[in-house]
Amino acid sequence: MLRSILRAAVRRSLNEVRHIRPDPPGRARGRAADLHRRVERDFGVLAPPVAMLSPAPECAAATWTALRESLLVPGRTTRDEREAVATAVSRANTCPYCVEVHGATLGSLDGTGNGADTPDPRSLRPVTPAEGAELGAVEFTFHHINRLVNVFLPDSPLPGFAPGPVRGRLRSATGAVIAARTGPPPAPDTSLELLPRTARNAPVPPDLRWAAGEPRIQRVLAGVAAAVDEAGARVLPGSVRDLVHQHLREHGTAPAGVSRAWAEEPVAALPASDRALGRLVLLTARASFQVGDDTVAECRRVGLDDADLVRAVSWAAMAAARHTTARTLASVPPTEPKQGNQT
């Protein structure tokens, strides 16, 4: 009963998605319906950070593939260690939504009731190369997801009208449902079939060498990165993508302060027609919580629809995830796909 109630509540929470309008779960068909079934089966509930991306199904599939294969498929590290990494990364990225969900899940797994302050396990013990690759994959995935969530979702997955004591119980119940998934463990790699064929066979780029200790997860992340690159190339001119890569190389992915003024100088170097997109992706990559209604409205004025917004934000979030993990896990600069004459 509790699982059914929470599943229904999570589905309704998609009404709170900002800036875009995802497919309502009850009306999803084809690829979207198949993805929803897979997520509810393996994750326990329909994860809004995946379902909200339905206007661009290839981005939803890539995000789910990264989440499932890094967090849920059994390996050498435990689920609570992975949830601890997810929570720690989300806390560092100022993503209260993900801290709430994964802190509660961790609290159910380790019996504390609230794992939001649990340290990253890599700070507590040595890890083998294979373990480092598994936990690094979780870090990579949540650098990506946190930025998506900060742009498109509210600060909490719980109803805003719920009083404090009720919120605490709802939070614990949500974590318990996600942690208490029933059935056999998720089989590895089955979500790869959701990716475009070209992405499934993508070579491993240099910025993912840090994952070489676990070749399976390295191949998964290479496919996910290629799928999002392809999606971004459909909407972002090469000049915008080049600008983001250059800016992240020079300045990193940490926020530059409470003001958004830092983005104006690099964006000014773009053609006038590309500046709205440039501002959106730069803010997403470095300070996703600073993307506002005005940022999106400017992109709408130059013709972006919901699918374009999802692809642009997904690409920027992935670029930041790749730059961050390449720097923190292996100090290898991310590979930049050749732009050619793409616009």
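Whatever comes next refers back to the structure up there.
(A) Up close: helix H15 (residues 306-330). For H15, built from 25 residues, the straight-helix expectation of 36 Å at 1.5 Å per residue is met to within 8% by its first-to-last C-alpha distance of 35 Å. The buried fraction of H15 is high, at 21 of 25 residues. Two or three places before Ala 307, at the start of H15, stands the capping residue Asp 305, its side-chain oxygen 3.2 Å from that residue's backbone nitrogen.

(B) Structural context of the pattern of salt bridges. One pass over the full model with this rule turns up 23 salt bridges. With its nearest N and O atoms 2.8 Å apart, the salt bridge here joins Arg 68 to Asp 42. Of this pair, Arg 68 sits in helix H4 (residues 57-72) while Asp 42 sits in helix H2 (residues 30-43), placing them 26 residues apart in sequence. The residue Arg 322 makes a salt bridge to Asp 207 at a minimum N-O spacing of 2.9 Å. One end of the pair, Arg 322, is in helix H15; the other, Asp 207, is in the loop between helix H9 (197-200) and helix H10 (215-233), and 115 residues separate them in sequence. Salt bridges sharing partners connect three or more residues here, namely Arg 41, Asp 42, Arg 68, Glu 69, Asp 189 and Arg 216.

(C) Quick peek at the packing of H4 against H10. Two numbers describe how H4 lies on H10: the axes approach to 9 Å, and their chain directions differ by 165 degrees. One finds that H4 runs roughly antiparallel with respect to H10. For the element pair H4 and H10, the recorded crossing hand is left-handed. The residues of H10 that touch H4, namely those facing Glu 58, Cys 59, Ala 62, Thr 65, Ala 66, Glu 69 and Ser 70, are Arg 216, Ile 217, Val 220, Val 224, Ala 227, Val 228 and Ala 231. Class assignment of the residues belonging to the contact of H4 with H10 gives a composition of nine nonpolar, two polar and three charged.

(D) Here's a closer look at the side chain of Ser 314. Residue position: Ser 314 is located in helix H15. Judged by its relative accessible area of 0%, Ser 314 falls in the buried class. Not counting chain neighbours up to four residues away, the residues in contact with Ser 314 comprise Cys 59, His 144, Leu 148 and Val 228.

(E) A look at the packing of aromatic side chains. The full count for this structure, using the stated rule, is one aromatic pair. Above the plane of the ring of Trp 262 lies Arg 286, whose end atom (NZ or CZ) is 5.0 Å from the centre.

(F) Highlighting empty space enclosed by the protein. All chains considered together, the criterion is met by two cavities of 30 Å³ or more. Lining the second largest cavity, in full, are Glu 100, Val 101, Ala 104, Pro 157, Leu 158, Arg 171 and Thr 174. Breaking the lining of the second largest cavity down by element, the ones donating at least two residues are helix H6 (96-110) and helix H8 (164-179). The dominant element in the lining of the second largest cavity, judged by the number of residues it contributes, is H6, at three residues. Its residues placed into classes, the lining of the second largest cavity shows four nonpolar, one polar and two charged.

(G) Representation of the side chain of Thr 253 within the structure. Note on placement: Thr 253 falls in the loop between helix H11 (238-251) and helix H12 (264-268). Apart from residues no more than four positions distant in its own chain, Thr 253 is found in contact with Arg 147, Leu 248, Ala 285, Arg 286, Ala 320, His 323, Thr 324 and Arg 327.

(H) Up close: helix H13 (residues 275-287). Over its 13 residues, H13 runs 17 Å from end to end, which matches the ideal 18 Å to within 8%, given 1.5 Å per residue. Taken residue by residue, H13 has Ala 276, Leu 277, Gly 278, Arg 279, Leu 280, Val 281, Leu 282, Leu 283, Thr 284, Ala 285, Arg 286 and Ala 287 as its buried positions. Turning to H13, the residues buried within the fold contact helix H7 (129-152), H11, H12, helix H14 (293-301) and H15.

(I) Here's a closer look at the state of the cysteines. A complete count under the given rule lists zero disulfides for this structure. Looking at Cys 98, it has no disulfide partner, and the nearest cysteine sulfur is the one in Cys 95, 3.5 Å off. Owing to a relative accessible area of 2%, Cys 98 belongs among the buried residues under this scheme.

Reading the values: rules and limits
- Residues numbered from 1 in each chain as written.
- Predicted model: local features only at pLDDT ≥ 70, side-chain atom pairs only at ≥ 80, totals over all residues.
- Heavy atoms only, no water.
- Helix = DSSP H or I, 4+ residues; strand = E, 2+ residues; numbered from the N terminus.
- Expected span 1.5 Å × (residues − 1).
- Buried < 20%, exposed > 50% of the residue type's maximum accessible area, 1.4 Å probe, protein only.
- Polar contact = N/O pair within 3.5 Å; in protein donor to acceptor, adjacent residues only side chain to side chain.
- Salt bridge = Lys/Arg side-chain N within 4 Å of Asp/Glu carboxyl O.
- Axes fitted to C-alpha atoms, helices over the stretch in contact; angles between N-to-C directions.
- Parallel < 35°, antiparallel > 145°, perpendicular 65-115°, else oblique.
- Left-handed = near helix turned anticlockwise from the far one by under 90°.
- Contact = heavy atoms within 4.5 Å.
- Nonpolar A, V, L, I, M, F, W, Y, C, P; charged D, E, K, R; others polar.
- Phe/Tyr/Trp six-rings, centres within 6.5 Å; stacked < 30°, edge-to-face > 60°.
- Lys NZ or Arg CZ within 6 Å of the ring centre and 35° of its normal.
- 1 Å grid on protein atoms, 1.4 Å probe; cavity = no way out; pocket = protein on both sides within 12 Å on 5 of 7 lines; lining within 4 Å.
- Points joined across faces, edges and corners; volume = space filled by probe spheres on them.
- Disulfide = S-S within 2.5 Å.

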